[in-house]
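One letter stands for each residue in the lines below.
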Amino acid sequence: MIKYLLIFYAGTFAGSFFYTLALRYAGGMFDSSPVAALISRSECPRCGSPVSVIGLIPVFGYFFLRGRCSACGEKISPVYPLWEVLYGALAVAVSVYHGTGLLSLNVFFLCAVCVCIAIVDIRIMIIPQSLVLLFLLLSLYPVVLNHNILDNVYGFFLLTLFFLLMLLIFPGAFGGGDVKLYAAAGFLFGVEMSIVLLEVSLISGALFGVAYAMARGRNFRLKIPFGPFIAAGIIITLLFGDTILLVYYRFMF
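Note that this is a predicted model, so its numbers are computed, not measured. (Residues numbered from 1 in each chain as written. Predicted model: local features only at pLDDT ≥ 70, side-chain atom pairs only at ≥ 80, totals over all residues. Heavy atoms only, no water.)

Remarks on the overall build of the protein chain
Helix and strand content of the protein chain: ten helices and zero strands. The N-to-C order of helical and strand elements in the protein chain reads α-α-α-α-α-α-α-α-α-α. For 253 residues, the compact-globule estimate of 2.2 N^0.38 gives 18 Å, and the C-alpha radius of gyration of the protein chain, at 19 Å, lies within 12% of that figure. Each of the three principal axes of the protein chain carries a C-alpha extent, and together these read 60 × 45 × 35 Å. Looking at the protein chain as a whole, 41% of its 253 residues qualify as buried. Within the protein chain, counting contacts between residues at least 6 apart in sequence, those at least 24 apart form 65% of the total. Mean positive and mean negative side-chain charge positions of the protein chain (14 and 10 charges, respectively) differ by 13 Å. (Helix = DSSP H or I, 4+ residues; strand = E, 2+ residues; numbered from the N terminus. Rg over C-alpha atoms; globule rule 2.2 N^0.38 Å. Buried < 20%, exposed > 50% of the residue type's maximum accessible area, 1.4 Å probe, protein only. Contact = heavy atoms within 4.5 Å. Lys, Arg positive; Asp, Glu negative; His and termini not counted. Charge placed at Lys NZ, Arg CZ, Asp CG, Glu CD.)

Let's talk about the side chain of Asp-178
Relative to the helices and strands, Asp-178 is located in helix H9 (residues 176–216). On the accessibility criterion, Asp-178 (9% relative accessible area) is buried. Sequence-distant contacts of Asp-178, defined by excluding residues within four places in its chain, comprise Asp-121, Ile-127, Phe-226, Gly-227 and Ile-230.

Comments concerning the packing of aromatic side chains
Counting across every chain of the model gives 18 aromatic pairs. An angle of 20 degrees between the planes, with centres 5.9 Å apart, marks the rings of Tyr-19 and Trp-83 as stacked. Here Tyr-19 is found in helix H1 (residues 2–26), whereas its partner Trp-83 is found in helix H5 (residues 79–98), with 64 residues between them in sequence. A residue is classified by how much of its surface remains accessible, and Tyr-19, at 6% relative accessible area, is buried. Through pairs of rings, three or more aromatic residues link up here, namely Phe-162, Phe-163, Phe-174, Tyr-182, Phe-208, Phe-226 and Phe-229. (Phe/Tyr/Trp six-rings, centres within 6.5 Å; stacked < 30°, edge-to-face > 60°.)

Some words on the nonpolar core
Soluble globular proteins tend to pack their nonpolar side chains together in the buried interior. Counting 57 residues, the largest nonpolar core has Phe-18, Phe-135, Leu-181, Tyr-182, Phe-189, Ile-234 and Leu-238 as the members making the most contacts within it. Secondary-structure elements contributing two or more residues to this core are H1, H5, helix H6 (102–124), helix H7 (129–146), helix H8 (149–169), H9 and helix H10 (227–252). Element by element, the count of residues in this core is highest for H6, at 13 residues. Other than its neighbours up to four places away in sequence, Tyr-182 contacts Leu-159, Phe-163, Leu-197, Leu-198, Ser-201, Leu-202, Phe-226 and Ile-230. (Core = buried A, V, L, I, M, F, W, Y, C linked by side-chain atoms within 4.5 Å.)

Re the side chain of Thr-160
Mapped onto the elements of the fold, Thr-160 is located in helix H8. The buried category is assigned to Thr-160, whose relative accessible area is 15%. At a separation of 2.7 Å, a polar atom in the side chain of Thr-160 contacts the main-chain carbonyl oxygen of Phe-156. (Polar contact = N/O pair within 3.5 Å; in protein donor to acceptor, adjacent residues only side chain to side chain.)

Re the environment of Cys-72
With respect to the helices and strands, the residue Cys-72 is situated in the loop between helix H4 (60–64) and H5. Among the residues examined, Cys-72 registers a relative accessible area of 30% and is labelled partly exposed. Note: C-alpha distance between Cys-72 and Met-1 (71 residues apart in sequence) is 39 Å. With residues near it in sequence (within four places) discarded, Cys-72 still touches Cys-44, Arg-46 and Cys-47.

Details of the packing of H9 against H10
Two numbers describe how H9 lies on H10: the axes approach to 7 Å, and their chain directions differ by 100 degrees. One way to sum up the angle between H9 and H10 is to call them roughly perpendicular. Split by residue class, the contact of H9 with H10 holds 19 nonpolar, seven polar and four charged. (Axes fitted to C-alpha atoms, helices over the stretch in contact; angles between N-to-C directions. Parallel < 35°, antiparallel > 145°, perpendicular 65-115°, else oblique. Nonpolar A, V, L, I, M, F, W, Y, C, P; charged D, E, K, R; others polar.)

Section: H5
For H5, with 20 residues, the first-to-last C-alpha span of 28 Å sits near the 28 Å given by 1.5 Å per residue. What H5 keeps buried is the set Pro-81, Glu-84, Tyr-87, Gly-88, Leu-90, Ala-91, Val-94 and Ser-95. Considering only its buried residues, H5 is in contact with H1, H4, H6 and H10. A positive backbone phi angle near 75 degrees is found at Gly-99, which sits one or two residues after H5. (Expected span 1.5 Å × (residues − 1).)

Take a look at the structure:
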(Lines give C-alpha, C1' and ligand atoms only; values in the text may rest on other atoms or scores of the structure.)
Protein backbone atom coordinates (compact mmCIF):
# COMPACT_ATOMS: atom_id res chain seq x y z
CA MET A 1 0.00 0.00 0.00
CA ILE A 2 2.80 2.43 0.89
CA LYS A 3 4.48 1.67 -2.44
CA TYR A 4 1.37 2.63 -4.37
CA LEU A 5 0.87 5.79 -2.30
CA LEU A 6 4.41 6.86 -3.20
CA ILE A 7 3.82 6.02 -6.86
CA PHE A 8 0.54 7.95 -6.78
CA TYR A 9 2.14 11.05 -5.34
CA ALA A 10 5.08 10.86 -7.76
CA GLY A 11 2.47 10.77 -10.52
CA THR A 12 0.86 13.94 -9.20
CA PHE A 13 4.15 15.81 -9.69
CA ALA A 14 4.15 14.68 -13.31
CA GLY A 15 0.52 15.76 -13.54
CA SER A 16 1.37 19.23 -12.28
CA PHE A 17 4.08 19.56 -14.93
CA PHE A 18 2.12 18.13 -17.86
CA TYR A 19 -1.09 20.05 -17.13
CA THR A 20 0.88 23.30 -16.94
CA LEU A 21 2.62 22.30 -20.17
CA ALA A 22 -0.75 21.73 -21.84
CA LEU A 23 -2.03 25.14 -20.72
CA ARG A 24 1.08 26.81 -22.11
CA TYR A 25 0.68 25.07 -25.43
CA ALA A 26 -2.99 26.05 -25.54
CA GLY A 27 -2.17 29.64 -24.58
CA GLY A 28 0.38 30.01 -27.38
CA MET A 29 3.36 30.43 -25.06
CA PHE A 30 5.42 27.92 -27.03
CA ASP A 31 4.92 29.97 -30.19
CA SER A 32 6.46 33.09 -28.63
CA SER A 33 9.01 31.63 -26.20
CA PRO A 34 9.44 27.83 -26.18
CA VAL A 35 12.34 27.85 -23.70
CA ALA A 36 10.45 30.02 -21.20
CA ALA A 37 7.40 27.81 -21.65
CA LEU A 38 9.44 24.83 -20.47
CA ILE A 39 11.39 26.29 -17.57
CA SER A 40 9.52 29.34 -16.21
CA ARG A 41 7.60 29.08 -12.96
CA SER A 42 3.82 29.00 -12.93
CA GLU A 43 2.08 32.34 -12.43
CA CYS A 44 -1.28 33.47 -11.17
CA PRO A 45 -3.45 34.14 -14.26
CA ARG A 46 -4.85 37.28 -12.62
CA CYS A 47 -1.93 39.12 -10.99
CA GLY A 48 1.01 37.42 -12.70
CA SER A 49 2.77 36.63 -9.42
CA PRO A 50 4.81 33.39 -9.36
CA VAL A 51 3.03 30.56 -7.59
CA SER A 52 4.41 30.20 -4.05
CA VAL A 53 6.55 27.22 -3.06
CA ILE A 54 3.61 25.80 -1.10
CA GLY A 55 1.37 26.22 -4.12
CA LEU A 56 3.74 24.13 -6.19
CA ILE A 57 3.16 21.09 -3.96
CA PRO A 58 0.73 18.85 -5.92
CA VAL A 59 -2.80 18.48 -4.47
CA PHE A 60 -1.88 19.49 -0.90
CA GLY A 61 -0.65 22.92 -1.98
CA TYR A 62 -4.11 23.73 -3.32
CA PHE A 63 -5.73 22.94 0.02
CA PHE A 64 -3.01 24.66 2.08
CA LEU A 65 -3.75 27.85 0.17
CA ARG A 66 -7.51 27.18 0.34
CA GLY A 67 -7.76 27.30 -3.41
CA ARG A 68 -6.56 30.90 -3.71
CA CYS A 69 -3.51 32.77 -4.99
CA SER A 70 -1.24 33.65 -2.05
CA ALA A 71 -0.50 37.08 -3.59
CA CYS A 72 -3.88 38.46 -4.72
CA GLY A 73 -6.40 36.02 -3.20
CA GLU A 74 -7.94 35.13 -6.57
CA LYS A 75 -9.63 31.74 -6.66
CA ILE A 76 -7.64 28.96 -8.31
CA SER A 77 -9.57 26.48 -10.41
CA PRO A 78 -10.01 23.06 -8.75
CA VAL A 79 -9.24 21.58 -12.16
CA TYR A 80 -5.53 21.84 -11.31
CA PRO A 81 -5.55 19.35 -8.41
CA LEU A 82 -8.06 17.15 -10.27
CA TRP A 83 -5.62 16.67 -13.14
CA GLU A 84 -2.83 16.00 -10.64
CA VAL A 85 -4.96 13.30 -9.03
CA LEU A 86 -5.76 11.82 -12.46
CA TYR A 87 -2.06 11.57 -13.29
CA GLY A 88 -1.40 9.99 -9.89
CA ALA A 89 -4.09 7.39 -10.55
CA LEU A 90 -2.61 6.78 -14.00
CA ALA A 91 0.81 6.14 -12.43
CA VAL A 92 -0.71 3.57 -10.08
CA ALA A 93 -2.58 1.87 -12.95
CA VAL A 94 0.62 1.59 -14.98
CA SER A 95 2.51 0.11 -12.02
CA VAL A 96 -0.27 -2.43 -11.39
CA TYR A 97 -0.29 -3.67 -15.01
CA HIS A 98 3.39 -3.21 -15.89
CA GLY A 99 5.14 -3.44 -12.53
CA THR A 100 7.86 -1.03 -11.48
CA GLY A 101 10.93 -0.49 -13.57
CA LEU A 102 12.27 1.43 -16.52
CA LEU A 103 9.67 0.07 -18.95
CA SER A 104 6.86 0.95 -16.55
CA LEU A 105 8.23 4.49 -16.24
CA ASN A 106 8.44 4.73 -20.01
CA VAL A 107 4.83 3.56 -20.40
CA PHE A 108 3.70 6.11 -17.81
CA PHE A 109 5.37 8.96 -19.71
CA LEU A 110 3.79 7.77 -22.95
CA CYS A 111 0.40 7.92 -21.20
CA ALA A 112 1.25 11.30 -19.64
CA VAL A 113 2.08 12.81 -23.04
CA CYS A 114 -1.20 11.42 -24.42
CA VAL A 115 -3.21 13.13 -21.68
CA CYS A 116 -1.32 16.37 -22.35
CA ILE A 117 -2.15 16.09 -26.06
CA ALA A 118 -5.81 15.48 -25.24
CA ILE A 119 -6.00 18.59 -23.04
CA VAL A 120 -4.43 20.79 -25.72
CA ASP A 121 -6.72 19.41 -28.42
CA ILE A 122 -9.82 19.96 -26.28
CA ARG A 123 -8.86 23.57 -25.67
CA ILE A 124 -7.65 24.70 -29.12
CA MET A 125 -8.42 21.81 -31.53
CA ILE A 126 -4.72 21.37 -32.35
CA ILE A 127 -2.30 18.51 -31.65
CA PRO A 128 1.19 20.06 -31.34
CA GLN A 129 3.80 18.39 -33.55
CA SER A 130 6.42 18.63 -30.80
CA LEU A 131 4.26 16.53 -28.47
CA VAL A 132 3.78 13.92 -31.20
CA LEU A 133 7.55 13.89 -31.71
CA LEU A 134 8.06 13.44 -27.94
CA PHE A 135 5.62 10.52 -28.04
CA LEU A 136 7.55 9.00 -30.95
CA LEU A 137 10.89 9.36 -29.12
CA LEU A 138 9.44 7.71 -26.00
CA SER A 139 8.24 4.86 -28.23
CA LEU A 140 11.78 3.92 -29.23
CA TYR A 141 12.61 2.12 -25.97
CA PRO A 142 9.69 -0.36 -25.99
CA VAL A 143 10.14 -0.85 -29.74
CA VAL A 144 13.78 -1.84 -29.22
CA LEU A 145 12.80 -4.16 -26.36
CA ASN A 146 10.23 -5.83 -28.60
CA HIS A 147 12.98 -7.12 -30.95
CA ASN A 148 10.55 -7.11 -33.90
CA ILE A 149 10.97 -3.69 -35.45
CA LEU A 150 9.52 -4.87 -38.77
CA ASP A 151 6.14 -5.34 -37.08
CA ASN A 152 6.38 -1.79 -35.70
CA VAL A 153 7.15 -0.46 -39.18
CA TYR A 154 4.12 -2.34 -40.52
CA GLY A 155 2.00 -0.81 -37.76
CA PHE A 156 3.23 2.65 -38.73
CA PHE A 157 2.31 2.15 -42.38
CA LEU A 158 -1.00 0.47 -41.53
CA LEU A 159 -2.34 3.43 -39.58
CA THR A 160 -0.74 6.06 -41.81
CA LEU A 161 -2.19 4.62 -45.02
CA PHE A 162 -5.55 3.87 -43.39
CA PHE A 163 -6.08 7.48 -42.34
CA LEU A 164 -4.71 8.97 -45.53
CA LEU A 165 -7.30 6.86 -47.32
CA MET A 166 -9.97 8.06 -44.86
CA LEU A 167 -9.02 11.66 -45.62
CA LEU A 168 -9.41 11.00 -49.35
CA ILE A 169 -12.86 9.45 -48.83
CA PHE A 170 -14.02 11.83 -46.08
CA PRO A 171 -12.12 15.13 -46.46
CA GLY A 172 -11.82 16.99 -43.17
CA ALA A 173 -12.90 14.02 -41.07
CA PHE A 174 -9.53 14.03 -39.30
CA GLY A 175 -6.87 16.65 -38.81
CA GLY A 176 -3.22 16.36 -39.74
CA GLY A 177 -2.29 16.10 -36.06
CA ASP A 178 -4.65 13.13 -35.66
CA VAL A 179 -2.98 11.28 -38.54
CA LYS A 180 0.52 11.99 -37.19
CA LEU A 181 -0.42 10.76 -33.71
CA TYR A 182 -1.98 7.61 -35.14
CA ALA A 183 1.17 7.00 -37.22
CA ALA A 184 3.41 7.38 -34.16
CA ALA A 185 1.12 5.04 -32.19
CA GLY A 186 1.23 2.51 -35.03
CA PHE A 187 5.00 2.48 -34.79
CA LEU A 188 4.78 1.89 -31.03
CA PHE A 189 2.19 -0.88 -31.18
CA GLY A 190 2.82 -2.88 -34.32
CA VAL A 191 0.01 -4.38 -36.39
CA GLU A 192 -2.14 -6.30 -33.88
CA MET A 193 -2.17 -3.66 -31.15
CA SER A 194 -2.79 -0.96 -33.77
CA ILE A 195 -6.03 -2.72 -34.65
CA VAL A 196 -7.02 -2.62 -30.96
CA LEU A 197 -6.22 1.10 -30.89
CA LEU A 198 -8.29 1.68 -34.02
CA GLU A 199 -11.35 -0.05 -32.61
CA VAL A 200 -11.19 1.61 -29.19
CA SER A 201 -10.60 5.14 -30.51
CA LEU A 202 -12.97 5.05 -33.50
CA ILE A 203 -15.84 3.41 -31.64
CA SER A 204 -15.55 5.69 -28.59
CA GLY A 205 -15.19 8.77 -30.80
CA ALA A 206 -18.18 7.81 -32.94
CA LEU A 207 -20.40 7.10 -29.93
CA PHE A 208 -19.47 10.39 -28.30
CA GLY A 209 -19.98 12.32 -31.55
CA VAL A 210 -23.48 10.87 -32.06
CA ALA A 211 -24.46 11.50 -28.43
CA TYR A 212 -23.07 15.04 -28.51
CA ALA A 213 -24.82 15.91 -31.78
CA MET A 214 -28.13 14.57 -30.49
CA ALA A 215 -27.76 16.41 -27.18
CA ARG A 216 -26.98 19.70 -28.96
CA GLY A 217 -29.70 19.19 -31.56
CA ARG A 218 -27.25 19.55 -34.44
CA ASN A 219 -26.44 17.49 -37.52
CA PHE A 220 -23.65 14.94 -37.52
CA ARG A 221 -21.20 17.12 -39.45
CA LEU A 222 -20.12 19.10 -36.39
CA LYS A 223 -16.42 19.06 -35.52
CA ILE A 224 -15.14 17.68 -32.24
CA PRO A 225 -11.52 17.28 -31.12
CA PHE A 226 -10.54 13.69 -31.86
CA GLY A 227 -7.21 13.76 -30.02
CA PRO A 228 -8.78 12.77 -26.66
CA PHE A 229 -10.19 9.57 -28.20
CA ILE A 230 -6.84 8.68 -29.78
CA ALA A 231 -5.15 9.38 -26.44
CA ALA A 232 -7.68 7.27 -24.55
CA GLY A 233 -7.28 4.49 -27.11
CA ILE A 234 -3.50 4.54 -26.72
CA ILE A 235 -3.70 4.43 -22.92
CA ILE A 236 -6.27 1.61 -22.94
CA THR A 237 -4.16 -0.33 -25.45
CA LEU A 238 -1.01 0.17 -23.35
CA LEU A 239 -2.76 -1.06 -20.21
CA PHE A 240 -5.20 -3.69 -21.50
CA GLY A 241 -4.19 -4.41 -25.10
CA ASP A 242 -2.97 -7.94 -24.38
CA THR A 243 -6.21 -8.80 -22.57
CA ILE A 244 -8.34 -7.37 -25.39
CA LEU A 245 -6.37 -9.36 -27.97
CA LEU A 246 -6.83 -12.52 -25.91
CA VAL A 247 -10.59 -11.96 -25.90
CA TYR A 248 -10.52 -11.51 -29.70
CA TYR A 249 -8.63 -14.74 -30.18
CA ARG A 250 -11.06 -16.68 -27.97
CA PHE A 251 -14.01 -15.47 -30.03
CA MET A 252 -12.28 -16.07 -33.35
CA PHE A 253 -10.79 -19.44 -32.64
